[in-house]
Amino acid sequence: MEKNLTTGNVFKTIVTFSLPYLLSYFLQTMYGMADLFIIGQFNTVESTTAVSIGSQVMHMLTVMLVGLAMGSTVMIGRAVGADRRSEVSKAIGNTVTLFMALSVVLAVTLLLLVKPIVSIMLTPAEAVLGTIEYLTICFIGIPCITAYNVISSIFRGMGDSKSPMYFVAIACVANIGLDYLFIGAMRMGPTGAALGTTLSQTISVIVSLTVILRKKTGIVITRQNFRPHPTTMKGLLTVGVPVALQDGFIQISFLVITAIANQRGLSDAAAVGIVEKVIGILFLVPSSMLSAVSALCAQNMGAGHHDRAKLTLKYAITIAVSFGLFSAFLMLFAAEPVVSLFVKGQDTEVIRAGGQYLRGYVWDCVLAGIHFCFSGYFCAYGRSGISFLHNCISICFARIPLAWLASKMFADTLMPMGLATAIGSGVSVVVCCVAYFFLNRRTAPVR
């Protein structure tokens, strides 16, 4: 399972390590989209809106857990790069302890707050009941969602990006099959969508734990490693908390934008939800670059190969921007056909609004690719606070206020609201570039 990423051709290492990441994200996005696609084939726009809003809430929760787990990936990666196996074992044990306790607290708390959450989202009245049903079941499954992401972060920190890909593939296949069973055959609507998602995650966790128990990893974990260790916990939280807060803040901004769109009516609400899923696919490469850069740079930082870490960042940005430009120009011509895939009966109003939103939003893929890579680099060097800072500035001074203004000034089109997100990412890019050049002016390497 353990793999050293501090030697060999840098570009080749990025590609070979990030491809399983990319496939993992693709599969994870696909089983997330399966709920929306399948329920759109068998149910009304009210059910589609319920699953769309509910899945956005769950996506926010998931990305925050992934962000917090970044601390584990970085800590393990540094220890692997420095060949300190005892620290690897300690980081793994403390990660499990931290996240399992957190998952229980989250599940109980969110179950108690499910109705206020639905209200805060300004959910259209027709979709309230379905959204509550969807979120209630998903909140019960939080421990399984947490377990999957923790297992993935551990494998990736040790240089293994392939095993998580296999685990999510199992979840994807299971989710599609269960969705057709619960939504199509049993006509359970949003409840069936939530059951399919939660049970598929559970199946994936069971399989991954079975593999871990049978696979010889070379790392020995004892009971002592599960006891909270102050230095290890501090390292996990120092990197993970700013990333989790950053990701949570980003998702809150998107939920605010969704709430703004919800006030424009059911068609705009459904259109925004559909486009968010489509953008999830287009963001696969930037997201995989972020994760790959954090893991690769963490190992190189631990081994003292700082020039190699910088080169990793350079190549990752090149890959992300190239893909972003390709995606942006493609969606300019294919926006409506893509949106129509998720609309039952070819609802022309939803397709029209979705096409407008997608044409504006798609440019975010280019700029986000840049600041995603910078964020991965900063996290590897223990500077995740910079990622939190640039996202806060972007959200507070660009993304949300511009989206609100666009909604008020352009009542007949969603395109300006989509462009607001791209402008926000542009602000983040500027902050990242300034921070990078400032930090690298120092004579000593950033640690």
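Scroll up to find the structure.
Just so you know, the residues in each chain are numbered from 1, in the order the chain's sequence is written. Per-residue local features are limited, in this predicted model, to residues with pLDDT of at least 70; the limit for side-chain atom pairs, both in listing and counting, is 80 or more; totals at the level of whole chains, interfaces and linings are taken over all residues. As a rule here, side-chain values come from all non-hydrogen atoms in the structure, and water together with hydrogens is ignored.

## Considerations on a nonpolar patch on the surface
Okay, step 1: Here, patches come from residues exposed beyond 30% relative accessible area and free of salt bridges, joined within 9 Å for like charges and within 5 Å for nonpolar side chains (Val, Leu, Ile, Met, Phe, Trp, Tyr). Using a 1.4 Å probe, the Shrake-Rupley method yields the accessible areas, and only the shown protein chains count as cover for residues. Salt bridge, as applied in this entry: a Lys or Arg side-chain nitrogen positioned within 4 Å of an Asp or Glu carboxyl oxygen. On the surface, Phe37, Ile176, Tyr180 and Leu341 cluster together into a nonpolar patch covering about 350 Å² of accessible area.
Okay, step 2: Residue position: Leu341 is located in the loop between α13 (306-340) and α14 (348-361). For helices the rule is a DSSP run of H or I covering at least 4 residues; for strands it is a run of E covering at least 2, with both sets numbered from the N terminus onward.

## What to know about the side chain of Thr73
Okay, step 1: Its place among the elements puts Thr73 in helix α2 (residues 45-81).
Okay, step 2: By definition, residues are in contact when any of their heavy atoms lie within 4.5 Å. Those residues within four positions of Thr73 in sequence are excluded, and the remaining contacts are Ser153, Arg156, Gly157 and Ala295.

## Describing the environment of Asn9
Okay, step 1: Assignment of secondary structure puts Asn9 in the segment before α1 (10-42).
Okay, step 2: With 404 residues separating them in the primary sequence, Asn9 and Thr413 have C-alpha atoms 47 Å apart.
Okay, step 3: Pairs of N or O atoms are called polar contacts if they sit within 3.5 Å, as long as, within protein, a hydrogen donor faces a hydrogen acceptor (for residues adjacent in sequence, only side-chain-to-side-chain pairs). For Asn9, the side chain forms a polar contact with the main-chain nitrogen of Lys12, separated by 2.8 Å.

## Describing the pattern of salt bridges
Okay, step 1: Considering all chains together, one arrives at 1 salt bridge under this definition.
Okay, step 2: Here Arg359 ties to Glu336 by a salt bridge, and the two come within 2.8 Å at their closest N and O atoms. Remark: Glu336 occurs in helix α13 and Arg359 occurs in helix α14; sequence separation between them is 23 residues.
Okay, step 3: Each residue gets one of three labels from its accessible area relative to the maximum for its type: buried under 20%, exposed over 50%, partly exposed in between, using a 1.4 Å probe on protein chains only. Judged by its relative accessible area of 25%, Glu336 falls in the partly exposed class.

## Section: the packing of helix α12 (residues 284-302) against helix α15 (residues 364-380)
Okay, step 1: Orientation is described by axes fitted as lines to C-alpha atoms, over the contacting stretch for helices, and by angles from 0 to 180 degrees between their N-to-C directions. Interhelical geometry of α12 versus α15 gives an angle of 25 degrees and a closest axis separation of 7 Å. Classified by the interaxial angle, the pair formed by α12 and α15 is roughly parallel. Crossing of α12 over α15 shows right-handed handedness. In contact with Pro286, Ser287, Met289, Leu290, Val293, Ser294, Cys297, Ala298 and Met301 of α12, α15 contributes Cys365, Gly369, Phe372, Cys373, Ser375, Gly376, Tyr377 and Ala380.
Okay, step 2: Side-chain classes follow a simple rule in which Ala, Val, Leu, Ile, Met, Phe, Trp, Tyr, Cys and Pro form the nonpolar group, Asp, Glu, Lys and Arg form the charged group, and the remainder, Gly included, forms the polar group. Across the contact of α12 with α15, the residue classes break down as 12 nonpolar, 5 polar and no charged. Here is the rule for angles: anything less than 35 degrees is roughly parallel, anything more than 145 is roughly antiparallel, 65 through 115 is roughly perpendicular, and the remaining ranges are oblique. By definition, any crossing whose near helix is turned counterclockwise from its far helix by less than a right angle is left-handed, and any crossing with a clockwise turn is right-handed.

## Quick look at unusual backbone geometry
Okay, step 1: For Arg187, which is not a glycine, the phi torsion comes out positive at approximately 55 degrees.
Okay, step 2: Along the chain, the position of Arg187 falls in the loop between α7 (162-185) and α8 (189-214).

## Re the environment of Ile317
Okay, step 1: With respect to the helices and strands, the residue Ile317 is situated in helix α13.
Okay, step 2: Overall, Ile317 belongs to the buried group, its relative accessible area being 18%.
Okay, step 3: Setting aside residues up to four positions removed in sequence, Ile317 forms contacts with Ile370, Cys373 and Phe374.

## Thoughts on the packing of α2 against helix α5 (residues 128-140)
Okay, step 1: One can describe the packing of α2 onto α5 by two numbers: an axis separation of 8 Å at closest approach and a directional angle of 35 degrees. Crossing of α2 over α5 shows right-handed handedness. Along its contact with α2, which presents Ala50, Val51, Ile53, Gly54, Ser55, Val57 and Met58, the element α5 presents Gly130, Thr131, Tyr134, Leu135, Cys138 and Phe139.
Okay, step 2: Looking at the contact of α2 with α5 residue by residue, the class counts come to 9 nonpolar, 4 polar and no charged.

## A look at the state of the cysteines
Okay, step 1: The disulfide criterion is simple: two cysteine sulfur atoms within 2.5 Å. Using the criterion set out here, one finds 0 disulfides in the structure.
Okay, step 2: Of all cysteine sulfurs in the structure, the one in Cys144 sits closest to Cys138, which takes part in no disulfide; the separation is 12 Å.
Okay, step 3: Summary of cysteine pairing: Cys373 is not part of a disulfide, and the nearest cysteine sulfur, belonging to Cys297, is at 9.6 Å.

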